[in-house]
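A look at the structure
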Amino acid sequence: QGNNPTCNTSNVCNIEQTCQFLLQQQKQQQSSSSSNMELLAKLATLQQQNDDDNDHCMTIDWNTTIQYIINNPTEEQSWLYQTCTEFGYYQTCEQDTNCPFGRGYHPLDMDYEICRIVFNITNVTENVQQTTEYYGTPIFKSRN
């Protein structure tokens with residue numbers, strides 16, 4: 001979720017560079033048989049190669065992720081706590097929607113489960129409602 005516009009450690013280390021890379025690859029992809037998933041895998045490989053801590057493989061496992069969150073207090077853990085207690089700001093892409101990202105891989109229930117396991121918080125919806133009632137909420141006009 002972070003972005004450093006001044007990053008110059010690689011050609012894919014901030015949002016602008018990542019977008020430029022993806023657009024360039026997409027143009028090249030039109031003349032090849034590469035899939036979008038292969039394109040994202042190429043991006044992930046480049047980003048991992050440029051990671052300062054690239055001497056390990058990236059584990060993508062639910063239980064390992066949960067244990068990492070519990071055992072490594074960081075600003076990310078603080079943000080997760082705020083989403084459970086105040087904001088409910090989750091980035092999901094539900095199945096059967098027009099979401100532009102991978103649909104169905106990260107349902108909202110996963111975020112609620114993180115709140116329950118990591119912080120023992122089970123009333124996220126009520127917490128968000130209280131925050132909304134206290135601070136109000138803007139009315140966004142959007143359409144798909």
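In what follows, the structure referred to is the one given above.
Residues numbered from 1 in each chain as written. Predicted model: local features only at pLDDT ≥ 70, side-chain atom pairs only at ≥ 80, totals over all residues. Heavy atoms only, no water.

1. Side note on the packing of aromatic side chains
- Tallied over the entire structure, the rule returns five aromatic pairs.
- Where W79 meets Y89, the ring centres are 6.2 Å apart and the plane angle is 70°; that geometry is what we call edge-to-face. Taken together, the residues W79 in helix 4 (residues 75–87) and Y89 in the loop between helix 4 and helix 5 (108–119) connect sequence positions ten residues apart.
- Centroid distance Y90 to Y112: 6.1 Å. Interplanar angle 85°. Geometry classified as edge-to-face. (Phe/Tyr/Trp six-rings, centres within 6.5 Å; stacked < 30°, edge-to-face > 60°. Helix = DSSP H or I, 4+ residues; strand = E, 2+ residues; numbered from the N terminus.)

2. Re helix 1 (residues 15–29)
- Taking 1.5 Å of rise per residue, 15 residues should cover 21 Å, and helix 1 covers 20 Å from first to last C-alpha, within 8% of that figure.
- The complete set of buried residues in helix 1 reads Q17, T18, F21, Q25 and Q29. Viewed end-on, helix 1 has its buried residues packed into an arc of 110°, placing them on one side of the element. Within helix 1, the exposed residues directed more than 90 degrees away from the buried face are E16, L23 and K27.
- At its buried positions, helix 1 is contacted by helix 2 (36–49).
- At the N-terminal end of helix 1, a side-chain oxygen is found 3.2 Å from the backbone nitrogen of E16, two or three residues along, and the residue is N14. (Expected span 1.5 Å × (residues − 1). Buried < 20%, exposed > 50% of the residue type's maximum accessible area, 1.4 Å probe, protein only. Arc of directions from axis to C-beta. Contact = heavy atoms within 4.5 Å. Polar contact = N/O pair within 3.5 Å; in protein donor to acceptor, adjacent residues only side chain to side chain.)

These figures come from the coordinates and say nothing about function on their own.
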